[in-house]
Amino acid sequence: MMTTFTVGGKHRPLETGTEMQVAKSSEVEMNTCTPEDHTNVNDIVDVKGIKIANVTARWSEDLPENTLTDVSLDVRPGELVAVVGPVGSGKTSLLHAILKELPLNSGSISVGGSVSYASQEPWLFTGSVRQNILFGQPMDRNRYRQVVRVCALERDFQLLPHGDRTIVGERGVTLSGGQRARISLARAVYKQAEIYLLDDPLSAVDAHVGRHLFNDCICDFLQGKTRLLVTHQLQYLQAADNIVILNNGMVEATGAYNELHVSGLSFAKQLDLEVNTKDSEHHSLRHSDSELSLRKTKHQNSQTSEHSSVEESEPKQIAEMRTRGRVRSGVYRAYCAAGGNCLITFIVLSVFILAQLAVSVGDYWMSFWTNVEERRSLVSNRIASSIDGAAINDTTTQLTEMDVTTTDTSEWKLGVSTTIAPTDVTEWSWMPSTETCILVYVGLVIGIVVLTLASAFFFFSMCMRASINLHNSMFSSISRATMWFFNNNPSGQILNRFTKDMGAIDETLPGTMMDCVQWLQW
Ligand SMILES: Nc1ncnc2c1ncn2[C@@H]1O[C@H](COP(=O)(O)OP(=O)(O)OP(=O)(O)O)[C@@H](O)[C@H]1O
């Protein structure tokens, strides 16, 4: 599978490497593993390598200089390419660019095939050593045994209390830097991949273990695989098919060991200086985490401002980004979208409006009914008094007070037509009876209850759906986030966003919105 990512921008022509010189053979330790040992790369036709074309990239826009400048590199399938260069020259960044961790400003990188990566800083998660090596892959006993052997872990397993089932990490045993590095390398090589990116895996181990790892693991076990090996150790360069020398984020020279040697380039001089300096501090400081991070910080600071004062160059805690003030309409839109779609939001709103309408109609009906009862008693009194008078003047009047109070208007209307005012008769006729009022009111109350329950049900199910969708999208983003993100955001902050923000979305937000809607209803 070919993965290609290209970032638009002007491509500058590749700068030619400066004059370099290959170290004399006496200065570097020779290897038993030579390029000839490898499978013929031309045999591998189904696997593609890595093609890097005019890549310019920087970790942050704030940095004054590019981390990588106009880097071009062609790693052919099955090749072992060694990337060397002074500290901070961008070797790790180059691997990160291939892994898409480092965004490109311009240029393109094509990666053909699956990639396995061993980072410069070895890491372990809480679990057994075996789980750390398998890293979720199915157990292939044969491959696992081979990996353990080529990564020189057999002796360590004998020393560990429960062999490769020993728990490491929190509450588990503490491993040495070399053991951590070898387990990290074992994890990377156990994975079946076409391309292996190995970031300085040999520097945390002593010389003869390093040689074992290089010969048995990188050269033999990974034979035929495309390998990009970042290293500070010159003694392994001869075995590489191709050597890339990086300096200040630029490719200073590239070619096979012999080509560079013949061309008389002085990379060895430069690297010698580097390697010697490194060797002297190798066993004491080189691999402590604090030293590594110190070095990175130092580079960053020096890149940010060479002339800044001591106070200014002190690292500042980067505050978490937080938006303040009015909530943008986009946030509401995003929340509604997470809760379903426009139709669902519309339905929820409609049910709310209907419920409110039912409540208002209920109130109106109650006041109407009260008025009706008042009028009824007034009119009935008036009619009663009219009938009383008619009875005195006209003895033929058959209507009694009892007749007037009856609701059957046809019965008494005939009798009182001569004595009762017509307006009273009209009014009495359109007045709904008390039973009708009660029935309408009961209907309205039932309607109010149903609509209120429905609106609450729809509203909370929309909120729950929004909450689940937001959590899922947050989780899928975090599980696909780059290592840069985790490097730059403390895990506590990430956990806080998950617990506090999701808690607010789950619990506080629906209640507040409900209060808000009810307040609007009043
Ligand atoms: N994750 C990161 N975030 C921000 N800046 C980084 C990151 N990684 C590296 N850098 C910066 O990029 C520059 C190149 O560093 P890089 O680690 O690529 O160099 P390197 O050649 O691998 O060094 P070393 O030999 O010490 O491993 C440095 O200035 C460093 O501060």
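Given the structure is predicted, the values throughout are model-derived calculations rather than measurements. (Residues numbered from 1 in each chain as written. Predicted model: local features only at pLDDT ≥ 70, side-chain atom pairs only at ≥ 80, totals over all residues. Heavy atoms only, no water.)

**Describing unusual backbone geometry**
As a reminder of what qualifies: Helical segments are the DSSP runs of H or I of at least four residues, strand segments are the runs of E of at least two, and each set is numbered from the N terminus. The rule is simple: take the accessible area with a 1.4 Å probe, protein chains only, and divide by the maximum for that residue type; under 20% is buried, over 50% is exposed, in between is partly exposed.
We note that D70 has phi near 50°; this positive angle belongs to a residue other than glycine. Mapped onto the elements, D70 comes out in strand β3 (residues 68–75). Overall, D70 belongs to the buried group, its relative accessible area being 2%. For N248, which is not glycine, the phi dihedral falls at a positive 55°. A relative accessible area of 54% places N248 in the exposed class.

**Examining the side chain of H96**
Where we set the bar: Between two residues, a contact is recorded if the distance between any of their heavy atoms is within 4.5 Å.
Tracing the backbone through its elements, the reader meets H96 in helix α1 (residues 91–98). A relative accessible area of 8% places H96 in the buried class. When sequence neighbours within four positions are dropped, the list of residues in contact with H96 reads W59, E101, L102 and Y117.

**Quick notes on the packing of aromatic side chains**
Inclusion rule: For this analysis, a ring pair means two rings from Phe, Tyr or Trp (six-membered ring only for Trp) whose centres lie within 6.5 Å, classed as stacked if their planes differ by under 30 degrees, edge-to-face if by over 60, and tilted for the remaining angles.
Counted according to the given criterion, the structure contains 11 aromatic pairs. A centroid spacing of 5.6 Å and a plane angle of 75° characterise the contact between W123 and F135, whose relative ring orientation is edge-to-face. In this pair, W123 sits in the loop between β6 (115–118) and β7 (127–128) while F135 sits in the loop between α2 (129–134) and α3 (141–150), placing the two residues 12 residues apart along the sequence. On the basis of relative accessible area, W123 is assigned to the partly exposed category, the value being 37%. On the basis of an interplanar angle of 40° and a centroid distance of 5.1 Å, the ring pair of W365 and F368 is categorised as tilted. Linking W365 with F368, this pair stays in helix α12 (residues 342–393), spanning three residues, or about one helical turn. The buried category is assigned to W365, whose relative accessible area is 15%.

**Description of the packing of helix α5 (residues 177–190) against helix α6 (residues 207–221)**
Relative placement of two packed helices is described by the angle separating their axes and the distance separating the axes. How we decide: To obtain an axis, a line is fitted to C-alpha atoms, over the contacting stretch when the element is a helix, and the angle between two such axes runs from 0 to 180 degrees between their N-to-C directions. Any angle that is under 35 degrees is reported as roughly parallel, and any over 145 degrees as roughly antiparallel; angles of 65 to 115 degrees are reported as roughly perpendicular and all others as oblique. Side-chain classes follow a simple rule in which Ala, Val, Leu, Ile, Met, Phe, Trp, Tyr, Cys and Pro form the nonpolar group, Asp, Glu, Lys and Arg form the charged group, and the remainder, Gly included, forms the polar group.
Two elements in contact, α5 and α6, have axes whose closest approach is 12 Å; the angle formed by their N-to-C orientations is 5°. By the angle class used here, α5 and α6 are roughly parallel. Taken together, the residues of α6 that come into contact with α5 (itself represented by R182, L185 and V189) are V209, L213, C217 and F221. Considered class by class, the residues forming the contact of α5 with α6 number six nonpolar, no polar and one charged.

Purely spatial values, then, with no claim about function.
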